[in-house]
Amino acid sequence: MTNTTQNALATKIGRRSFLKMAAVAGAFGATSSFASRNVTRAATQDEVKNPFPGSKKVRTICTACSVGCGITAEVQNGVWVRQEVAQDHPVSLGGHCCKGADMIDMVRSEVRLKYPMVKEGGQWKRISWETAFTRISKKLTSLREKSGPDSTIFLGSAKMSTEQAYYFRKFAAFYGTNNIDHQARI
Ligand code: SF4
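Every value quoted in this text rests on a predicted model; they were computed, and no experiment measured them. (Residues numbered from 1 in each chain as written. Predicted model: local features only at pLDDT ≥ 70, side-chain atom pairs only at ≥ 80, totals over all residues. Heavy atoms only, no water.)

J.: Got a sec to walk through a nonpolar patch on the surface? Specific residues and values, please.
T.: On the surface, a cluster of nonpolar side chains totalling about 710 Å² of accessible area is made up of L113, Y115, M117, W124, W129 and F133. Following the sequence through the fold, Y115 ends up in the loop between helix 5 (105-108) and strand 4 (117-120). Taking the relative accessible area as the measure of exposure, Y115 reaches 31% and is therefore partly exposed. (Patch = residues over 30% accessible without salt bridge, like charges linked within 9 Å, V, L, I, M, F, W, Y side chains within 5 Å. Areas by Shrake-Rupley, 256 points an atom, 1.4 Å probe, with all protein chains shown as cover. Salt bridge = Lys/Arg side-chain N within 4 Å of Asp/Glu carboxyl O. Helix = DSSP H or I, 4+ residues; strand = E, 2+ residues; numbered from the N terminus. Buried < 20%, exposed > 50% of the residue type's maximum accessible area, 1.4 Å probe, protein only.)

J.: So what's going on with the pattern of salt bridges? Which residues, and what values?
T.: Summed over all chains, the structure comprises six salt bridges. Salt-bridge contacts for R41 lead to E47; the nearest nitrogen and oxygen are separated by 3.0 Å. For R41, a relative accessible area of 52% corresponds to the exposed category. Between D88 and R59 there is a salt bridge, and its shortest N-O distance comes to 3.0 Å. Within this pair, whereas D88 is found in the loop between strand 3 (79-85) and helix 4 (98-101), its partner R59 is found in strand 1 (residues 56-61), the two being separated by 29 residues in sequence. Taken together, the salt bridges that share partners define one network made up of E120, K125 and R135.

J.: Just give me the short version of helix 7 (residues 162-175), but keep the residues and values in it.
T.: Here helix 7 contains 14 residues, and its C-alpha end-to-end distance of 20 Å stays within 8% of the 20 Å for a straight helix at 1.5 Å per residue. Of the surrounding elements, those touching the buried residues of helix 7 are helix 6 (129-147), strand 6 (154-155) and strand 7 (180-181). Positive phi shows up at G176, right after helix 7, with a value of about 120 degrees. (Expected span 1.5 Å × (residues − 1). Contact = heavy atoms within 4.5 Å.)

J.: Residues and numbers for the pairing of strand 2 (residues 70-76), please.
T.: Among the seven residues that make up strand 2, six are buried, leaving the element largely enclosed by the rest of the structure. Relative to strand 2, strand 1 runs antiparallel, the two sharing six bridges. Bridge assignment links R59 to a residue of strand 2, and that residue is T72. Across six bridges, strand 2 lies against strand 3 in antiparallel orientation. Its bridge partner being in strand 3, E74 is matched across the sheet by R82. (Pairing = 2+ DSSP bridges.)

J.: Describe the confidence of the model for the chain, and please don't skip the residues or the numbers.
T.: Looking at the chain, the pLDDT average stands at 83 and 78% of residues meet or exceed 70. The weakest mean pLDDT in the chain belongs to helix 2 (residues 15-29) at 49; the strongest belongs to helix 6 at 97. In this model, residues 22-34 is a region of pLDDT below 50 whose contacts with residues beyond four sequence positions or in other chains number four contacts. (pLDDT = per-residue confidence, 0-100.)

J.: Can you break down the side chain of S92 residue by residue, with the values?
T.: Within the element layout of this structure, S92 appears in the loop between strand 3 and helix 4. On the accessibility criterion, S92 (12% relative accessible area) is buried. Residue contacts for S92: discarding those within four places in its chain leaves C69 and G70.

J.: Could you give me a rundown of the sheet that holds strand 1, with the residues and numbers involved?
T.: Spatially, the three strands line up as an open sheet ordered 1-2-3, and their pairing is antiparallel. Each edge of the open sheet is held by one strand with a lone partner, namely strand 1 and strand 3. Pairs of neighbouring strands in the sheet enclose a mean axial angle of 35 degrees, with direction left out of account. (Axes fitted to C-alpha atoms, helices over the stretch in contact; angles between N-to-C directions.)

J.: Give a detailed account of the nonpolar core, specifying residues and quantitative values.
T.: Ranked by size, the top nonpolar core spans seven residues in total: C62, A64, I71, A73, W80, M103 and I104. Excluding residues that lie within four positions of it along the chain, A64 makes contacts with K99, M103, A158 and M160. Core analysis: the second largest hydrophobic core is formed by six residues, L140, F154, F168 and Y175 among them. (Core = buried A, V, L, I, M, F, W, Y, C linked by side-chain atoms within 4.5 Å.)

Here you go:
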């Protein structure tokens with residue numbers, strides 16, 4: 001693959017995803033004729049210049065912590081398709097940590113969890129929100145009755161926004177425990 005083609009693809013699909021794909025393709029290419037099967041093509045000049053026709057750039061912030069680093073989100077037909085660091089943001093000054101640099105994966109990741117799942121008989125299966133809420137609330141109530149609220153620990157997510165972390169903290173407190181961690185360091 002030429003450097004021009006690599007740059008065009010990286011621009012179109014996002015540099016991080018491109019690097020992952022390149023690593024997989026590199027490993028695959030070592031043992032196959034992948035590169036010679038014409039499964040890729042050079043991007044046209046128009047695609048290189050404008051990979052998302054009609055898109056708009058929207059200034060926003062990363063929600064993963066209270067620093068609020070600036071992001072320039074590119075949106076096409078209502079879908080977030082690409083992100084860049086907002087170089088002129090007054091707080092982050094063009095910097096991001098690794099969470100903010102990949103914030104777009106919050107919405108476009110193919111492994112993103114979109115609905116409640118439960119593992120039964122070794123298999124994951126989808127359940128309704130109603131079922132999930134009922135099961136969790138029954139379990140939490142039973143744990144508190146049998147062993148007290150401190151028999152539990154609430155673990156948040158590094159992908160929670162600052163506001164979600166606030167609600168999560170409140171929820172643990174109302175349940176009756178201080179055993180909570182936000183997991184922001186992951
Ligand atoms: S998580 Fe990282 S990129 Fe996002 S606001 Fe905090 S420091 Fe900035």
